[in-house]
Amino acid sequence: MSEFLSVLLQAVIIAAVPVISGAIVKGVRALAKHLSTQTDNELARKYLADAADAITTAVSRVN
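These figures come from a predicted structure and were not determined experimentally. (Residues numbered from 1 in each chain as written. Predicted model: local features only at pLDDT ≥ 70, side-chain atom pairs only at ≥ 80, totals over all residues. Heavy atoms only, no water.)

Caption draft 1: Summary view of the side chain of S36. Residue placement: S36 occurs in helix α1 (residues 2–38). Reaching out from S36, the side chain makes a polar contact with the backbone oxygen of K33 at a distance of 2.9 Å. (Helix = DSSP H or I, 4+ residues; strand = E, 2+ residues; numbered from the N terminus. Polar contact = N/O pair within 3.5 Å; in protein donor to acceptor, adjacent residues only side chain to side chain.)

Caption draft 2: A look at the pattern of salt bridges. Overall, the coordinates contain 2 salt bridges when judged by the stated rule. We note a salt bridge from E42 to R45, for which the minimum N-O separation is 3.0 Å. Of the two residues, E42 and R45 are both situated in helix α2 (residues 42–62); the distance of 3 residues between them amounts to about one turn of the helix. Note on E42: relative accessible area 53%, which makes it exposed. (Salt bridge = Lys/Arg side-chain N within 4 Å of Asp/Glu carboxyl O. Buried < 20%, exposed > 50% of the residue type's maximum accessible area, 1.4 Å probe, protein only.)

Caption draft 3: Looking closely at the packing of α1 against α2. Orientation of α1 relative to α2, taken along the N-to-C sense of each, is 180°, at an axis distance of 9 Å. Between α1 and α2, the interaxial angle falls into the category roughly antiparallel. Contact with α1, carried on its side by S21, I24, V25, V28, R29, A32, L35 and S36, involves R45, L48, A52, I55, T56, V59 and S60 of α2 and no other residues of that element. Residues of the contact of α1 with α2, tallied by class, amount to 9 nonpolar, 4 polar and 2 charged. (Axes fitted to C-alpha atoms, helices over the stretch in contact; angles between N-to-C directions. Parallel < 35°, antiparallel > 145°, perpendicular 65-115°, else oblique. Contact = heavy atoms within 4.5 Å. Nonpolar A, V, L, I, M, F, W, Y, C, P; charged D, E, K, R; others polar.)

Here's what the structure looks like:
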């Protein structure tokens, strides 16, 4: 019984990881977009876009 629960938990985690990583990517992009509209500084916008791109790429590659 314990082995069954262990396998079931692993299956649930494997299925949930892509969904959670997709939500993280979507949230980071939305946050970067929101913050870039709040600033008038072009350099800050560029850094926000670069940071969001780096985070989303990292999350996608880990997944």
